[in-house]
Amino acid sequence: MTIAVLGAGAFGTALAISLAQRGPVLLWARDAAHVAEMQESRRNTRRLPGAVLPECLTVTAEITDAAGCEVVLLGVPMQKMGRFLSENAALLDGKVLVSCSKGIDLATGRGSVELIEAACPGARAAVLTGPSFAADIARGLPTALTLACRTDSPGLQARLSTPTLRLYRTTDTIGAELGGALKNVIAIAAGVVIGANLGDSARAALMTRGFAEMNRLAMKLGARPETLMGLSGFGDLVLTCTSLQSRNFRYGIALGSGADFDPGVTVEGAATAKAVTRLAQGHGIDMPIAAMIAALCAREISVSDAVTALLSRPLKEE
Ligand SMILES: NC(=O)C1=CN([C@@H]2O[C@H](COP(=O)(O)OP(=O)(O)OC[C@H]3O[C@@H](n4cnc5c(N)ncnc54)[C@H](OP(=O)(O)O)[C@@H]3O)[C@@H](O)[C@H]2O)C=CC1
Ligand SMILES: O=C(CO)COP(=O)(O)O
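Residues numbered from 1 in each chain as written. Chains lettered and ligands numbered in written order. Predicted model: local features only at pLDDT ≥ 70, side-chain atom pairs only at ≥ 80, totals over all residues. Heavy atoms only, no water.

A look at helix H5 (residues 112-119)
Rules: Throughout this description, buried means an accessible area under 20% of the type-specific maximum (1.4 Å probe, protein chains only), exposed means over 50%, and partly exposed covers the range between. Segments assigned H or I by DSSP are reported as helices when at least four residues long, segments assigned E as strands when at least two residues long, and all are numbered from the N terminus. Here the arc refers to the set of directions running from the helix axis out to each C-beta atom. The contact definition used throughout considers only heavy atoms, calling two residues in contact when any of these lie within 4.5 Å.
Turning to H5, its buried residues number three or more, namely Ser112, Val113, Leu115 and Ile116. Looking down the long axis of H5, one finds its buried residues gathered within 160° of arc, a one-sided arrangement. Tucked into the core, H5 has its buried residues touching strand E6 (71-74), helix H3 (78-87), strand E7 (96-99), strand E8 (124-129) and helix H8 (173-195).

Here it is in structure tokens:
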């Protein structure tokens, strides 16, 4: 049975390439010109240059081509997810919908599982997340991810695993989602530290205290500690805070050094910082790093004022 991937960004394309090792895959993109270009060149030069689209991967501009697919991966950016789901609810309801996006929806404060459940109540929602750059997956480099679904899903885990993509499963969708969403915020902060030449020691401190913030919110919202300690939390935090392949980290470097940054690049952590700050306030959770990043992204505070504010907080126990 064909697996569909909706959204031909870097990640959707990379997952489609990897899954095509196992059988037929349908990749949908919204722009017909982009689709024609991919069909002609068998590459996605706009979003994932360098990777070749294998033969059993079909690219389409007709989303209704996914009607016969039971398993559908969603690769649209998080802030577009809610609208995308409601516009396509008739097609998607009743299917297994696997969100591959990392973030919290600014309009509703929801993660993607809740968005899916609201728009498509008959669907089974899952999340695929963890440390993985699209380019690495497309090259067939070994990658391990977390697949989260409220009901234990060994069948789906087997279906989406490939010789190079090793999935671990969990029923903790809240932990998996929050790990992936929050690590992007901390990755921006790590980038700011490096961009402002504050040093590797400061980055390590920030990653550690950022991880404490991630855990604080996640535990309050019902996540399990082991999920945050796993691939989707600690694993992705380490990757994204230390690699120049990360767009969130590079965006942070630009913020920290005062450089320009291409607004066309997907940086999920910026909107998520704002959403998280609201969520934390609503639950009475202290998340000073996320709040600073939200303020920095909104240009409400300078880097030096943000650093001073964080360092001058009252001394406390670890
Ligand atoms: N890239 C990576 O390494 C990884 C990304 N992710 C996550 O995957 C998600 C997507 O990121 P990524 O693939 O990198 O993003 P990209 O920036 O590469 O691409 C975004 C894609 O989404 C499409 N899109 C945007 N809005 C809509 C819409 N309303 N309807 C349909 N399609 C839309 C864009 O289409 P168009 O080209 O026409 O603008 C584009 O193809 C993010 O949440 C990210 O955090 C997770 C792990 C790794
Ligand atoms: O989520 C990712 C790696 O796991 C990709 O990170 P960026 O979106 O920062 O590039």
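Resuming the write-up.
Describing the UniProt feature "binding site: NAD(+)" (unreviewed entry) in the protein chain
Definition in use: UniProt positions are given in the numbering used here, feature names are shortened, and annotations may be inferred rather than shown by experiment.
Within this structure's numbering, the places UniProt gives as "binding site: NAD(+)" (unreviewed entry) are Gly7, Ala8, Gly9, Ala10, Phe11, Gly12, Ala134 and Arg247. The class for Phe11 is buried, based on a relative accessible area of 18%. For Arg247, the location among the structural elements is in helix H12 (residues 247-257). When neighbours within four sequence positions are excluded, Arg247 is seen to be in contact with Phe261, Val265, Thr266 and Val267.

A closer look at the packing of aromatic side chains
Formally: Any Phe, Tyr or Trp ring, taking Trp's six-membered ring, that has another such ring centre within 6.5 Å forms a pair; planes under 30 degrees apart are called stacked, those over 60 apart edge-to-face, and the others tilted.
Scanning the entire structure with this criterion turns up 3 aromatic pairs. Taking 5.7 Å as the distance between ring centres and 35° as the angle between the ring planes, the aromatic pair formed by Trp28 and Phe84 counts as tilted. Here the residue Trp28 occupies a position in strand E2 (residues 25-28), and Phe84 occupies one in helix H3, the gap between them amounting to 56 residues. Overall, Phe84 belongs to the buried group, its relative accessible area being 8%.

What about the pairing of E2?
If a strand is regular, its side chains alternate between the two faces of the sheet. To keep it simple, the criterion reads: Pairing between two strands is assigned when DSSP locates at least 2 bridges connecting them. For crossovers, right-handed means that the path from the first strand over the helix to the second runs clockwise, given strands pointing away from the viewer.
Because side chains alternate across E2, one face comprises the buried residues Val25 and Leu27, and the other comprises Leu26 and Trp28, equally buried. Bridge count between strand E1 (residues 3-6) and E2: 4 bridges; the pairing is parallel. Looking at the pairing, Val5 lines up with Leu27 of E2. For the crossover that starts at E1, traverses helix H1 (residues 10-19) and ends in the parallel E2, the hand is right-handed. With 4 bridges connecting them, E2 and strand E5 (residues 57-60) associate as parallel partners. Paired with Leu27 across the bridge in E5 is Val59.

Thoughts on the sheet that holds E2
What counts is decided by this rule: Geometry is summarised by axes, namely lines fitted to C-alpha atoms with helices restricted to the contacting stretch, and by angles between N-to-C directions that run from 0 to 180 degrees.
Across the sheet, which stays open at both edges, the 8 strands sit in the order E5-E2-E1-E6-E7-E8-E9-E10 with mixed pairing between neighbours. Here the strands that pair on one side only, and so sit at the sheet edges, are E5 and strand E10 (165-170). With strand direction ignored, the average angle separating the axes of adjacent strands in the sheet is 25°. Pairing of E6 with E7, which is carried by 4 bridges, proceeds in the parallel orientation. Among the inter-strand pairings, Leu74 is bridged to a residue of E7, identified as Ser99. Here helix H11 (residues 231-242) sits on the sheet in contact with E8, strand E9 (143-149) and E10, set at roughly 145° to E9.

Considering the site of ligand 2
Put simply, the test is: We call a residue near a molecule or strand as soon as one heavy atom of that residue lies within 4 Å of the molecule or strand. Whenever a nitrogen or oxygen atom comes within 3.5 Å of another N or O atom, the pair is scored as a polar contact, on the condition that within protein one atom can donate a hydrogen and the other can accept it, and that pairs from neighbouring residues in sequence are kept only if both atoms are in side chains. Only the protein chains shown count as cover for residues, with accessible areas throughout obtained via the Shrake-Rupley method and a probe of 1.4 Å.
Near ligand 2 there are 13 residues, and of these Lys102, Asp236, Ser246, Arg247 and Asn248 occur at the shortest range. Lys102 places a polar side-chain atom, nitrogen or oxygen, 2.7 Å from an oxygen atom of ligand 2. Gly130 has a polar backbone atom sitting 3.2 Å from an oxygen atom of ligand 2. Notes on ligand 2: free accessible area 310 Å², of which the protein chains cover 92%.

Let's talk about the pairing of E10
For E9 and E10, the ladder comprises 6 bridges, and the chain directions are parallel. What sits directly across from Thr146, in E10, is Tyr168. Following the chain from E9 across helix H7 (residues 154-160) to the adjacent parallel E10, one finds a crossover that is right-handed.

Section: the pattern of salt bridges
Put simply, the rule reads: Any carboxyl oxygen of Asp or Glu within 4 Å of a side-chain nitrogen of Lys or Arg constitutes a salt bridge here.
Scanning the entire structure with this criterion turns up 9 salt bridges. Among the salt bridges present, the one from Glu70 reaches Arg159, with a minimum N-O distance of 3.7 Å. Remark: Arg159 occurs in helix H7 and Glu70 occurs in the loop between E5 and E6; sequence separation between them is 89 residues. The shortest N-O distance in the salt bridge between Asp236 and Lys183 comes to 3.8 Å. Highlighted residues: Asp236 in helix H11 and Lys183 in helix H8, separated in sequence by 53 residues. Considered together, Asp236 and Lys183 belong to a single accessibility category, that of buried residues. Here the salt bridges share partners, and the residues they tie into one network are Lys102, Lys183 and Asp236.

Structural notes on the site of ligand 1
Put simply, the test is: Side-chain classes are defined by residue name, with Ala, Val, Leu, Ile, Met, Phe, Trp, Tyr, Cys and Pro counting as nonpolar, Asp, Glu, Lys and Arg as charged, and the others, Gly among them, as polar. Source of the domain bounds: an automatic or database domain assignment.
Among the 21 residues in the neighbourhood of ligand 1, the closest are listed as Ala10, Ala134, Arg247, Thr266 and Glu268. Within the backbone of Ala134, an N or O atom sits 2.8 Å from an oxygen atom of ligand 1. For ligand 1, an oxygen atom lies 2.5 Å from a polar atom in the side chain of Glu268. Here ligand 1, which alone exposes 890 Å², has 88% of that area covered by the protein. Those elements that place two or more of their residues in the shell around ligand 1 are H1 and H3. A class-by-class count of the residues in the shell around ligand 1 yields 10 nonpolar, 5 polar and 6 charged. No fewer than three residues from each of domain 1 (3-171) and domain 2 (175-311) sit in the shell around ligand 1.

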